[in-house]
Amino acid sequence: MRQKKWIQGLYVVLMVAVLTVVGGVTATHYEKEGQLVFENRLMEARPALTGESLAGGSYFSSLERFLCDRAAGRTTLLKLKTKVELEVLHRPVVNGVVAGAETLLAYQEYEAVDRETMAAQADEMARRLEELQTVVESYGGTFLYVAVPAHYAYCEDKYPAWLNSRADYTKTELELFGAAMEARRVNWLDMGEVWEAEGHPPEYMSAVDHHYTWAGAWSTYQAVMARLNDARLEPLRVLGEEDVEVRELPNPFLGSRSRKLCGQWAGDESFRYGVLREELPVTRFDWGNDTPSLAGWITQPANDWESVFYGYMCGDISETVLQTDRPELPDALMFGDSFTNPLETIWYASFDETRSLDLRYHTELSLLDYVEEYRPQVVVCVRDYEQMLNMYGNGSIQ
């Protein structure tokens, strides 16, 4: 009995010592602000102490999150936990990621496919796109909607049989959305069909990120330009492989999936991007600013060993304007989520002025008003399957 009490007392002393040390280091050396790289979010801000937050208890909840984000050794413990779950416990799903032998997949909760609801969503989205296409065509422009396979859809055969790959959802979604688009005569391109015709190349989709690779983006660019030229009287210049130099960064590529695994999954995928071999002078404006931007085509690391992310166009930006001072060429607009970013790095070569919008962040004008104001001769929407029926963000067209 005496030995048991001694052990319990020692345990309490050790716990108090650990908490004291961790708390002391956290209190004296914590970062005031910053980004939690592996969680892809900013640190919790220091909560404001008010009578209302104190009485309601929200202050203490926010304070707990604030301190947890800055706890000493937090990142090290997260890495250790993830490594143990991957390599010791061999858990099939870790931090929401299915760690396959060759590809990291997003864990998908079981879902019942509601065909009736999905049909209504598909028809409403097609109606919105029809309205946009009507506006573009009213002044002689060309509109094209581009659907890109989501990572889970392109890699659905890599999911274990006992996990949901969303195969039923994807099949029903494409069937209903395609029928709605055809019924309303909206010009659209399904890159899933294009890639299947090409033999479903595995190199088109990242193994560690939820986006397509540079190879997938290049294939998309070629297909988009071909479809646009089919619809236009005056063909656009289409870049060939001889016009673009593909470069590879030596840095480790930390994709959105490997980021969730705290970089503990062994992979050798590199980050690739393309640049024009013949330099084309261009002036860039970001975020609606009148001052030219100094941002590059990719987020360039300061050295060769820091991890790089999916950094085309230096991330998602509400509005980017690229001016090449060639008034004899048409103007263009591309809108959508981050799948547009790698396309933007080369698409501008065919136009005088190229605009890009991410409607999740651009709220000054509705898309219809924006198109009416600038009247671009070419308007292209790029969305992945996962967001295809989402009415918010880049689906909020009106």
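Conventions adopted
- Residues numbered from 1 in each chain as written.
- Predicted model: local features only at pLDDT ≥ 70, side-chain atom pairs only at ≥ 80, totals over all residues.
- Heavy atoms only, no water.
- Pairing = 2+ DSSP bridges.
- Helix = DSSP H or I, 4+ residues; strand = E, 2+ residues; numbered from the N terminus.
- Axes fitted to C-alpha atoms, helices over the stretch in contact; angles between N-to-C directions.
- 1 Å grid on protein atoms, 1.4 Å probe; cavity = no way out; pocket = protein on both sides within 12 Å on 5 of 7 lines; lining within 4 Å.
- Points joined across faces, edges and corners; volume = space filled by probe spheres on them.
- Nonpolar A, V, L, I, M, F, W, Y, C, P; charged D, E, K, R; others polar.
- Buried < 20%, exposed > 50% of the residue type's maximum accessible area, 1.4 Å probe, protein only.
- Arc of directions from axis to C-beta.
- Contact = heavy atoms within 4.5 Å.
- pLDDT = per-residue confidence, 0-100.

## Focus on the sheet that holds strand β14 (residues 378-384)
Sheet strands associate in pairs through backbone hydrogen bonding, adopting either a parallel or an antiparallel arrangement.
Moving on, step 1. Strand order in the open sheet formed by 7 strands is β7-β6-β14-β12-β13-β11-β10, and the pairing between neighbours is mixed. The open sheet has two edge strands with one neighbour each: β7 (188-190) and β10 (283-286). Strand-to-strand, the axes of this sheet are offset by a mean angle of 15°, without reference to chain direction.
Moving on, step 2. The sheet contact formed by strand β12 (residues 332-336) and strand β13 (residues 353-357) spans 4 bridges and is parallel. The partner of M334 across the bridge, within β13, is S356.

## Observations concerning empty space enclosed by the protein
Moving on, step 1. Across all of its chains, the model carries 1 cavity of 30 Å³ or more by this definition.
Moving on, step 2. Put simply, the largest cavity is a space of about 80 Å³.
Moving on, step 3. Along the walls of the largest cavity sit 13 residues, with I317, T340, N341, E344 and S356 positioned nearest its centre.
Moving on, step 4. Across the lining of the largest cavity, the residue classes tally to 3 nonpolar, 6 polar and 4 charged.

## With respect to helix α12 (residues 367-374)
Along an α-helix, residues three or four positions apart point the same way, because every turn accommodates 3.6 residues.
Moving on, step 1. Of all the positions in α12, only L367, L368, Y370 and V371 are classed as buried. Viewed along the axis of α12, the buried residues span an arc of 160°, placing them on a single side of the element.
Moving on, step 2. As for α12, its buried residues are in contact with α5 (115-138), β11 (319-323), β12 and β13.
Moving on, step 3. Downstream of α12 by a residue or two, R375 has a phi angle that is positive, lying close to 50°.

## Quick look at the confidence of the model for the protein
As a general rule, the predicted coordinates of low-pLDDT regions are not to be interpreted in detail.
Moving on, step 1. Put simply, the protein has an average pLDDT of 89, and 83% of its residues get 70 or more.
Moving on, step 2. This model gives residues 15-29 a pLDDT under 50, and the stretch forms 7 contacts once residues within four places in sequence are excluded.

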